[in-house]
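Tertiary structure, described
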Amino acid sequence: MQRPMPSATRTTDILIVGGGSAGWMAAAFLRRRTDRRVTLVESPGIPGVGVGEATIPALLDFVRGMELDEGAFMRVCHASYKLGIEFRGWTREGHRYFHPFGLCGGTIDGLDLFHFWAKSVRSGASELAYSDYSLQALLASQGRGHRPIDGPPRVENYAYHLDAGAFAALLQKIAVAEGVVHLRDDVVDVAVDSR
């Protein structure tokens, strides 16, 4: 028989319903950033998605903010680098758009290259795509990463493709070791007060 979740006994408790990479990211982050008791509950009857996950550069900020060793994180999560997102057939058949993670081109006299590019396209002086000025787009088109093995990064903004289940398991291990309470149960009812 399923039982309802008990109501929080302190107003400073944090309850996260649902695990996966999002739930465990929240739990691990909140455990490190607050002095509140953090509890994560996930249903034993709902399996993990178990897919690869494409991320955006905000995950790089999370990895750095959590002070994770990037090399170890990538090995455990079976991750690879991601320099942008390519959209095929975006506006019409045969159209391709590459959204790079990072600045295209740089600045001219303190202004982003975008303004000069847009003016040249409107005037007919150029047919280049804005992403043609991106180092990330160039590297991706050549099948290269953002840094050579054991070398310095070529670009600062990038993201990852990773195993979402392995990422959730890594964060669960970190969070539980740091005091997050993990409950495997079904939430069937929530008592809400007037606040």
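Check the entry above for the structure.
Conventions and cut-offs
- Residues numbered from 1 in each chain as written.
- Predicted model: local features only at pLDDT ≥ 70, side-chain atom pairs only at ≥ 80, totals over all residues.
- Heavy atoms only, no water.
- Pairing = 2+ DSSP bridges.
- Helix = DSSP H or I, 4+ residues; strand = E, 2+ residues; numbered from the N terminus.
- Axes fitted to C-alpha atoms, helices over the stretch in contact; angles between N-to-C directions.
- Buried < 20%, exposed > 50% of the residue type's maximum accessible area, 1.4 Å probe, protein only.

1. What to know about the sheet that holds strand 1 (residues 14-17)
One open sheet holds the three strands; their spatial order is 1-2-10, and the pairing between them is parallel. Looking at which strands have only one partner, the edges of the open sheet turn out to be strand 1 and strand 10 (181-184). Direction aside, the axes of adjacent strands within the sheet are offset by 20° on average. With four bridges joining them, strand 2 (residues 38-42) and strand 10 adopt parallel strand pairing. The residue bridging Leu40 from the neighbouring strand is His182, located in strand 10.

2. Remarks on unusual backbone geometry
Non-glycine residue His78 carries a positive phi angle of around 55°. Mapped onto the secondary structure, His78 falls in the loop between helix 3 (70-76) and strand 4 (80-82). Of the residues examined, His78 reaches a relative accessible area of 57% and is grouped as exposed. Phi is positive for Asp109, close to 50°, though the residue is something other than glycine. For Asp109, the position within the fold is in the loop between strand 7 (107-108) and strand 8 (111-112).

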